[in-house]
Each structure stands twice: as structure tokens, then as C-alpha cells.
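What follows is each chain in one-letter form.
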Amino acid sequence: MQTRYHMPPDVRRHAIEIVRGYPRRLAAYREARYAILSGSSCPYVEYAYTVRQPNGKPKVERARQYFPHGSSVGDPTAAKALRLAALEDYIETKRMRAVEQALVCVGDDIPDDGVRQKLRQAVLDSCIDGRGFTYRYYDIPLGKSAFYERRAKFLHDIAGRTNFL
């Protein structure tokens, strides 16, 4: 197949693996962001201990042990902002963002939002499912070769955004 977006096979495989890891990276990013935003500014450790109820049955309770602060005055908001900035600089976050940005560019010339959304989902699914992907089930008004050309452009865009090309 001739394409304008030719890549070496190892770079292409790496771009596909970045797309396949996208759901895992997105879940980890959301969890880390939630932990930063909802967490305490004080460092602590959570532990569980067992207590006996009046009826004699054991009950597991959770508690936190907070660590002492230093003598300097802290700024919890600034500390959270620094941690969020560090999260954005993390390599896994950059790979997740590369997939998201490349996905936005897929089908940007198609005026219909529904068709564009179907095309983006089909391109993402074709990279994740691999040989198990069946093009004809997505009801996209594009030919098969045009679809795979857009998929090649998507992977080329990811490889460029992650500095593999």
C-alpha cells in the first residue's frame, strides 16, 4: 500500500503501542490528578487496625498518621500547582496528550460532527484491536483505502509528537 505517511516498521509499532496504552495512561492520569487535587497538603500514612465491638466481633477501622511539618511556612496551593505541573511533564502524560492531540486532527476536514466522531473512534479502535478490527461495522462514508490513509496519518502524527520521527 502506498501512503504519504510512510514510517519505519519499528516506529510504526511504537506508535501503535502508544495508542494501545492510551486507556491505561488516561486512567492513571485521572487518578493521579484526583489524588493531587483532593489530597491533603500534609504528608501522611494510612493504616488499618482492628477493634472489638461490644458484641465481640472484630471491626477494621482506618486512620491516618500525619508527619510533622518543617519550620518554614508552606503554600498548599502552590505545592499542588507544582505537583500538577510535574504530572504534565511526566513522559506517560506526554504520550497520552500526543494521542489526544492527534485524534483531534483526524477528520478535521469532515463537516459532519457525527461522521467525524465515528471516524475518530474507528481509527482509535483499529489501532487498539489490530487484526480483530473490522472496518465495515462502523458505517463511515469513506472508502477503505481513504480510512487507512487517515489512520497512517494519525500514527505519523503521534510519532512526530513523541519525537520518534
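Residues numbered from 1 in each chain as written. Predicted model: local features only at pLDDT ≥ 70, side-chain atom pairs only at ≥ 80, totals over all residues. Heavy atoms only, no water.

Here we look at the confidence of the model for the protein
Reasoning step 1: Predicted confidence across the protein gives a mean pLDDT of 88, with 93% of residues reaching 70 or more.
Reasoning step 2: By mean pLDDT, the top-scoring element of the protein is helix H4 (residues 91-105) (96), and the lowest-scoring one is strand E1 (residues 44-52) (86). (pLDDT = per-residue confidence, 0-100. Helix = DSSP H or I, 4+ residues; strand = E, 2+ residues; numbered from the N terminus.)

Focus on the nonpolar core
Reasoning step 1: In this structure, Val-19, Val-99, Leu-119, Phe-147, Phe-154, Leu-155 and Ile-158 are the most contacted members of the largest nonpolar core, which totals 32 residues.
Reasoning step 2: Breaking this core down by element, the ones donating at least two residues are helix H1 (9-20), helix H2 (22-38), helix H3 (76-89), H4, helix H5 (113-129) and helix H6 (144-161).
Reasoning step 3: Sorting elements by how many residues they give to this core places H5 first, with six residues.
Reasoning step 4: Setting aside residues no more than four positions away along its own chain, Phe-147 makes contact with Leu-119, Ala-122, Val-123, Ser-126, Phe-133 and Tyr-135. (Core = buried A, V, L, I, M, F, W, Y, C linked by side-chain atoms within 4.5 Å. Buried < 20%, exposed > 50% of the residue type's maximum accessible area, 1.4 Å probe, protein only. Contact = heavy atoms within 4.5 Å.)

Remarks on H5
Reasoning step 1: Helix length check: H5, at 17 residues, gives a terminal C-alpha distance of 24 Å against a target of 24 Å (1.5 Å per residue), a fit within 8%.
Reasoning step 2: The set of residues buried in H5 consists of Val-115, Arg-116, Leu-119, Arg-120, Ala-122, Val-123, Leu-124, Asp-125, Ser-126 and Cys-127.
Reasoning step 3: Where H5 begins, one side-chain oxygen reaches toward the backbone nitrogen of Gly-114, 3.4 Å away; that side chain belongs to Asp-112. (Expected span 1.5 Å × (residues − 1). Polar contact = N/O pair within 3.5 Å; in protein donor to acceptor, adjacent residues only side chain to side chain.)

A look at the side chain of Asp-125
Reasoning step 1: Locating Asp-125 in the fold gives a position in helix H5.
Reasoning step 2: Buried and unpaired, Asp-125 has Arg-151 as its nearest opposite-charge partner, separated by 10 Å.
Reasoning step 3: One polar contact links Asp-125 to Tyr-138, side chain to side chain, over a distance of 2.5 Å.
Reasoning step 4: Apart from residues no more than four positions distant in its own chain, Asp-125 is found in contact with Gly-130, Phe-133 and Tyr-138. (Lys, Arg positive; Asp, Glu negative; His and termini not counted. Salt bridge = Lys/Arg side-chain N within 4 Å of Asp/Glu carboxyl O.)

Some remarks on H6
Reasoning step 1: If you check H6, its first and last C-alpha atoms are 26 Å apart, about what 18 residues at 1.5 Å a residue would give, namely 26 Å.
Reasoning step 2: Within the sequence span of H6, burial applies to Phe-147, Glu-149, Arg-151, Ala-152, Phe-154, Leu-155, Ile-158 and Ala-159.
Reasoning step 3: Those residues of H6 that are buried are in contact with H1, H4 and H5.

Side note on unusual backbone geometry
Reasoning step 1: The phi dihedral of Asp-139 is positive, around 55°, even though this residue is not glycine.
Reasoning step 2: Tracing the chain through its elements places Asp-139 in the loop between H5 and H6.

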